[in-house]
Every structure is written in structure tokens, then in C-alpha cells.
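Each chain is listed here by its residues.
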4 protein chains.
Amino acid sequence: MTSDVSAQPDDGIYIHKIRVSWADCDPANIAYTGRLPNFALDAIDSWWLVHFGEDWYRLNLERDFATPFVHLEMDLRKPVTPLHPLLIALRLAKLGTSSFTFAFVARQNNEVCFEGRFVCVAATTSSFNPIPIPDYVRARIGHLERPD
Amino acid sequence: MTSDVSAQPDDGIYIHKIRVSWADCDPANIAYTGRLPNFALDAIDSWWLVHFGEDWYRLNLERDFATPFVHLEMDLRKPVTPLHPLLIALRLAKLGTSSFTFAFVARQNNEVCFEGRFVCVAATTSSFNPIPIPDYVRARIGHLERPD
Amino acid sequence: MTSDVSAQPDDGIYIHKIRVSWADCDPANIAYTGRLPNFALDAIDSWWLVHFGEDWYRLNLERDFATPFVHLEMDLRKPVTPLHPLLIALRLAKLGTSSFTFAFVARQNNEVCFEGRFVCVAATTSSFNPIPIPDYVRARIGHLERPD
Amino acid sequence: MTSDVSAQPDDGIYIHKIRVSWADCDPANIAYTGRLPNFALDAIDSWWLVHFGEDWYRLNLERDFATPFVHLEMDLRKPVTPLHPLLIALRLAKLGTSSFTFAFVARQNNEVCFEGRFVCVAATTSSFNPIPIPDYVRARIGHLERPD
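Now for a description of the structure that goes with this document. Note that this is a predicted model, so its numbers are computed, not measured. (Residues numbered from 1 in each chain as written. Chains lettered and ligands numbered in written order. Predicted model: local features only at pLDDT ≥ 70, side-chain atom pairs only at ≥ 80, totals over all residues. Heavy atoms only, no water.)

## Regarding the relation of the copies chain D and chain B
Put simply, the rule reads: The copies are overlaid by a least-squares fit using only the C-alpha atoms of residues whose pLDDT is at least 70 in both copies. Any two residues having at least one pair of non-hydrogen atoms within 4.5 Å are treated as being in contact.
Superposition of chain D onto chain B requires a rotation of 180° combined with a translation of 0.0 Å along the rotation axis, giving an RMSD of 0.0 Å. Overall, the copies show the geometry of a two-fold rotation axis. Interface overlap between copies: 100% of the residues of chain D at the interface are likewise at the interface in chain B, consistent with a symmetric, same-surface contact.

Here is the structure:
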């Protein structure tokens, strides 16, 4: 997997582009099922980098801010292969008091390969205690919420 | 991740034991979220080996029989770490005409870390066309169905 | 890991850019050792795409042409982190009768993180028999050889 | 990959058993090259657990003791597949002032698939400064050195 992190229009839909590779594929000649949640997670980590200005690594290590996941849900429609770029359209579907719901649709060659939603909660890295989403976080990404 | 595939009592609940390792963990000192679906998939692949006598590799390459996943769903309750073995209790929750629903609960130190259900369908490796579950498959694993 | 595959000057040195991510890191807050050879392999797979026009996936599936590795060698100088892009400078150091030797130096923030060389041989995917490098391959990449 | 960590005779050769799986394989129907160094690393992590009583996770988090790798070297002889267990025979080939050299030979069905040596150095997790191997470490594993 290799992907492209570039500036994005601020319309709330982040398009994450992944080059699926030989390394991602299994003997059925398609990306292994276990890789697909990782593609979606990579999109979310990049979403933070693009929209907040810091990725999970900096958020955790420099701000003691973590977002542990509590729910993962995906429907798989079509096999993913290295023949086309994988474009993951990701949005913040719901911003709760302490939770973030991300919804995504992944396409290759204009066809939906998989879609789903992942929910994570605000926490501190050092204790994993759930916390309300900090004001400085909400201030920078709150306007990106795009409900269903 | 390293796990232990051993003979199991034929009660329909397969216990898959995984040694979570340093390699599975991220800077939050817990198994990375993207590893967790892979743990569940490893349990299912091993379930086939133990109960059917062949793993995905042999089923695909020697029988042209594949089980592509169509739905993944997980709730994450507690972080997974290398401090305890991860025991995944897996059962075949529903055997449809052409689908298999696997349900699992993963525990460390007697506490639930994550649980979920994955759905896959019968297909041929060569064409990915969904097919009814072949009789020789149903004959060997049908008695293992344990509905909710 | 996400990377950027873009057009390259044809000087024989391919620069492969990887976004190292949280997912690549272990509890020591650096990219896990086992990820580093994968970064180098990703660079080589992309080298084929950029210079030959096809990646390993197409070479194997559409041309029955494989390049199984026979030797891996790396020296690790400095930890790799997500704080800077990882730039892998890769060259074809030697083109033998049936072997390819790739040499690489990976840098972050102008400092060498790791370097090494990987050797692979020409083969057919279907049989894994070593073969002389096919003329159509040599014709397209032979001019890129940059000996030590 | 799933493996079996069991008590070992104290002859200095540790046999690490891995169940190679579908998830490890690529479209050439063999374990992906990038998985092989990870198999060897898994053997070394398990070696610490079996012989020292603690794996990398505990050594790092509970003792502030790390062993960053500085050199990786492998020769690949035969493809690795899920058809047979992978048995990695691992020994501590050299114990230096601050370095550990591990040598390994990995076999399936009595044939050598790959072999190599990895070198790591003693350090603290918190600073990555190289240090002399601590006495309490040398005391517990020093007798396991098996030079070439």
C-alpha cells in the first residue's frame, strides 16, 4: 500500500488515494481481507494530518491525545486489486460529546469496493480514560461534520 | 502474533489462542486497531483447518473453493496487549444457502477485549462467482452451527 | 505507510517517498524493524512501475514474469519515525544474466536511516524456474544500471 | 502466521514453529518476501520469552531495556508456503560487549527455506543510547552463546 497525502478542498469529504500493491494481495490475486480495515484506518490517520495538521503519531506523543476505536463495521462489495488506485472518500459523519464517527466509501475504477463506518473516542494516551473531545480539537475539525 | 492450533473438543466453540507480540503493538503500547480484524481472520482460517481439515490455502488452491468476506463487524471493549494470551472463542453462528456467519469473542485474562461477527460467502477462487455451499463442505461442518 | 509514485528523472536513481505512519510504529515509538524491509520492497515494486511501466502484480499475472528474492541485506543507522517523509534512493546496481541487484539508501531529514541491497532473479511465476532475463525486460531497464 | 511457544531443551538451539497462513501469502502462492524477516524477528522475540522469561514488550516497558537491530542479512533458498510448518532453528551466535548476533536456519519439510543473521545492540528504550549488555541479562543468557 502506498498513498498520496495532498491538500484537499475543505468540503468535508476527504479523498484518500492508495496504491494497492502486490504486498497487499493474497493468492486469490486480490487485496487480503485483513488489509481492508487497514486501508480505512490509513485514510483516517491521514484525515487528521490534512484537516487537523497532525497525524495520530503527533497527537499521541506530543499532545497525549488518543482516539481508540470502539466499533468497526464494513461491507465488502467488490475485490480490491492493484490494477486501479483505491480512492477512499471519508467524512466525519458524527461528532459526539466524546466520540467521532467516520464514514467511508472506497472505490476503484468508479465502482464501490467497500464502505463502512468506524467509531472512536477521545482519550488520553497515558491513561486511556475517555474524555470529552477537547475544545482545541473541536475548534479545528467541528465544521467538517457531515451527517448522513 | 503467534498462535496455537491444537485439537479441539467438537462442541462447536473453537478456542483460538494467539500470542500477541511487540510486532503487533503501536506506540500506545497496545495491539494496533488494524491488527484486531487480522486476529479474528486468523481464528477463522484456523477453524477451517481444525474442523474441515484444510485451511484457506488448501481450499483455494486444491479445491478452487473460496470464502470471500462480505461483512465485518467488531466492537472493541478493552485494549489487547502482549501481557496475556488472547483467546478467541469462535463459532459458526449461521450457515445459510451460500453464506457463513462467524461470531467471536476475544478475551485476555478473562476480560472481553473485542467481539464481532464476520460474514463470508461460498465462491470459486477462479471466478469469484457466489455459489451454494458445496455438499462436501456442508457435510463436514454443518453440525457445527451454533445459532445465537 | 503511504507513498507517492510520481514521474522521475531518468538518471537511474529512483526516489521513493513513503509516509511512515502510526500503523508502522511499535511501542518504542519508531517504525518496527520488520517494516523496514517492506519499505525497501515497496520502493522496488514502485521502481518497476515507474521504469518498466508495470508493477509486480501485472508482471506476474499478465506476463508470467516473477522476480523472487534470493538475498536481503540491510544496515540500520537511525530509527525511522512518522515525523519526516522517508525518501528511499534506489538504483539497479547490477544486472546479471538472470539476476537484479538493487541498492538503496533511505533517509529522513537528510540523515541516513538504513541502507542495503536486495538481490532477485528472473523466473516464471508458474514454475519458479530461474530464467535468463527476457530481452523485452532488458531492453526497457538495461540502461538504468548504475554500478557501485 | 501463528506459532507455538513451548518449553525448549537448553542446548542453545531454539526451535520456533510457525504456522504460515493464507494471510502471509502473495499471488505467487508463497509467503511474501516481506514476511520472511518478520518470521525471523518473531523467533527472536520468542527466544527472549523462552530463555530470558520476558519478551521484547516486557523488556522494553518494564525494564527500559531495548535491543534495536543494526544489521539484517538473509539468504532465501526455497519458497515458504502454508503446506508445512516453518521451523526456525535460532541460536545466539555471538554475544559482544553490547551486541547480540542471532543466526537462524528456517526449514519446511526438512528443506532449508531461508537462513541468515540479525545483529542487535543493547540500549535503553527511553534514550536509544547503546549500552554495555547489563549484567542481569548476560547472567541469564550468556551460557546460550553458540559460535559458528
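## Here we look at the relation of the copies chain A and chain C
It takes a turn of 180° to lay chain A on chain C, together with a shift of 0.0 Å along the axis; the resulting RMSD is 0.0 Å. A high fraction, 100%, of the interface residues of chain A reappear at the interface in chain C, so the copies pair face to face through one surface.

## Focus: the interface of chain A and chain C
Operational definition: Two parts placed together each lose some accessible area; with a 1.4 Å probe, that loss summed over both constitutes the buried area. A pairing counts as a salt bridge when a side-chain nitrogen of Lys or Arg comes within 4 Å of a carboxyl oxygen of Asp or Glu. Lys, Arg, Asp and Glu make up the charged group, whereas Ala, Val, Leu, Ile, Met, Phe, Trp, Tyr, Cys and Pro make up the nonpolar group; the residues left over, Gly among them, are polar.
Contacts between the two partners involve 25 residues from chain A and, on the opposite side, 25 residues from chain C. At the boundary of chain A with chain C, total buried surface from both sides reaches about 2,100 Å², with 57% on carbon and sulfur atoms. By the criterion of area lost to chain C, the three top residues of chain A are Arg19, Trp22 and Tyr57 of chain A, representing 35% of everything that side buries. Counting every contact that joins chain A to chain C gives six salt bridges. Among the salt bridges present, the one from Arg19 of chain C reaches Asp45 of chain A, with a minimum N-O distance of 3.6 Å. Here the residues of the side of chain A that touches chain C sort into ten nonpolar, eight polar and seven charged.

## Considering the packing of helix 1 (residues 36–52) of chain C against helix 2 (residues 56–63) of chain C
Residues and elements named next belong to chain C. The cut-off we apply is this: Between N-to-C directions, angles span 0 to 180 degrees; the directions come from axes that are lines fitted to C-alpha atoms, helices contributing only their stretch in contact. Only runs of H or I of at least four residues qualify as helices and only runs of E of at least two qualify as strands under DSSP, and these elements are numbered from the N terminus. Oblique is the label for every angle not falling under 35 degrees (roughly parallel), over 145 degrees (roughly antiparallel), or within 65 to 115 degrees (roughly perpendicular).
Where helix 1 contacts helix 2, the axes come no closer than 8 Å and their chain directions differ by 65°. Classified by the angle their axes make, helix 1 and helix 2 are roughly perpendicular. Between helix 1 and helix 2, the residues in contact are Leu41, Ile44, Asp45, Trp48 and Phe52 and Trp56, Leu59 and Arg63, respectively. Of the residues assigned to the contact of helix 1 with helix 2, the class counts are six nonpolar, no polar and two charged.

## Describing the packing of helix 1 (residues 35–52) of chain B against helix 2 (residues 56–63) of chain B
Each pair of packed helices can be described by the angle between their axes along with the distance between the axes. All names here are of chain B. For the pair helix 1 and helix 2, the least separation of the axes is 8 Å and the interaxial angle reads 65°. If you check the angle between helix 1 and helix 2, you find them roughly perpendicular. Where helix 1 abuts helix 2, its residues Leu41, Ile44, Asp45, Trp48 and Phe52 lie against Trp56, Leu59 and Arg63. Of the residues contributing to the contact of helix 1 with helix 2, the split by class is six nonpolar, no polar and two charged.

## Some thoughts on the packing of aromatic side chains
Given two aromatic rings, their pairing is described by the distance between the two centres and the angle made by the two planes. So the rule is basically this: Stacked, edge-to-face and tilted labels apply to pairs of Phe, Tyr and Trp rings (six-membered ring for Trp) whose centres lie within 6.5 Å, assigned for plane angles under 30 degrees, over 60, and everything in between, in that order. Burial classification: accessible surface area is computed with a 1.4 Å probe over protein chains only, and a residue below 20% of its type maximum counts as buried, one above 50% as exposed, and the rest as partly exposed. We call a charge positioned above a ring when the Lys NZ or Arg CZ atom is no farther than 6 Å from the ring centre and deviates by at most 35 degrees from the ring normal.
Under the defined criterion, the tally for this structure stands at 44 aromatic pairs over all chains. Residues Trp47 of chain A and Trp48 of chain A carry aromatic rings whose centres are separated by 5.2 Å and whose planes lie at 85° to one another, so their mutual orientation is edge-to-face. Using a relative accessible area of 0% as the deciding quantity, one classes Trp47 of chain A as buried. Their ring planes at 85° and their centres at 5.0 Å tell us that Phe104 of chain C and Phe118 of chain C sit as a pair that is edge-to-face. Linking Phe104 of chain C in strand 6 (residues 99–108) with Phe118 of chain C in strand 7 (residues 111–121), this pair joins segments that are 14 residues apart in sequence. By the burial criterion, Phe104 of chain C is buried, and Phe118 of chain C matches it. Its guanidinium or amino end placed over the ring of Phe52 of chain C, Arg140 of chain C lies 4.1 Å from that ring's centre, counting from NZ or CZ.

## Some words on the interface of chain D and chain B
Spelled out, the test is: Two N or O atoms form a polar contact when they lie within 3.5 Å of each other; inside protein one atom must be a possible hydrogen donor and the other a possible acceptor, and for residues adjacent in sequence the pair counts only when both atoms belong to side chains.
Taken together, the 25 residues of chain D in the interface contact 25 residues of chain B. Between chain D and chain B, roughly 2,100 Å² of surface is buried when both sides are summed, and carbon and sulfur atoms account for 57% of that area. Counting across the interface, chain D meets chain B through six salt bridges. Taking the shortest distance from any N to any O, the salt bridge between Arg19 of chain B and Asp42 of chain D comes out at 3.3 Å. Between chain D and chain B we count six residue pairs in polar contact (both at pLDDT 80 or more) in total. Those elements that place two or more of their residues in the side of chain D that touches chain B are strand 1 (2–4), strand 2 (14–19), helix 1 (36–52) and helix 2 (56–63) of chain D.

## With respect to the pairing of strand 5 (residues 86–95) of chain D
Residues and elements named next belong to chain D. Heads up, the rule is: Between any two strands, pairing holds if DSSP finds at least two bridges.
Summarising burial for strand 5: eight of the ten residues are buried, a large majority. Relative to strand 5, strand 2 runs antiparallel, the two sharing five bridges. Bridge assignment links Lys17 to a residue of strand 5, and that residue is Leu87. Following strand 5, the chain reverses through three residues before pairing antiparallel with strand 6 (residues 99–108).

## A word on the pattern of salt bridges
Counted by the stated rule, this structure contains 36 salt bridges over all chains. If you follow the salt bridges from partner to partner, you end up with Arg19 of chain A together with Asp42, Asp45 and Asp55 of chain C in one network.

## Re the pairing of strand 4 (residues 69–76) of chain A
Bridge analysis of strand 4 of chain A against strand 7 (residues 111–121) of chain A gives seven bridges, and the strand direction is antiparallel. Within the sheet, the bridge partner assigned to Glu73 of chain A lies in strand 7 of chain A and is Arg117 of chain A. Pairing analysis gives five bridges linking strand 4 of chain A to strand 4 (residues 69–76) of chain B, with the strands arranged antiparallel. Bridging from a neighbouring strand, Leu72 of chain A pairs with Met74 of chain B of strand 4 of chain B.

## Topic: the side chain of Asn38 of chain B
Among the secondary structure elements, Asn38 of chain B is positioned in helix 1. Taking the relative accessible area as the measure of exposure, Asn38 of chain B reaches 10% and is therefore buried. Within the structure, Asn38 of chain B has its side chain in polar contact with the backbone oxygen of Gly34 of chain B (distance 2.8 Å). In contact with Asn38 of chain B, other than residues within four places in its own chain, are Tyr32, Gly34 and Asn38 of chain A.

## A few points about helix 2 of chain C
Residues and elements named next belong to chain C. Residues Trp56, Tyr57, Leu59 and Asn60 constitute the buried set of helix 2. The inward-facing, buried residues of helix 2 contact helix 1, strand 3 (65–66) and strand 4 (69–76). One or two residues past the end of helix 2 sits Asp64, with phi positive at roughly 55°.

## With respect to the state of the cysteines
To keep things clear, this is the line we draw: Note on disulfides: each one is a pair of cysteine sulfur atoms within 2.5 Å.
Per the stated rule, a full pass over the model turns up zero disulfides over all chains. In this structure Cys25 of chain D is not part of a disulfide, and its nearest cysteine sulfur, from Cys113 of chain D, lies 12 Å away. Considering cysteine sulfurs only, Cys25 of chain B is the nearest to Cys120 of chain D, which forms no disulfide, with 18 Å between them.

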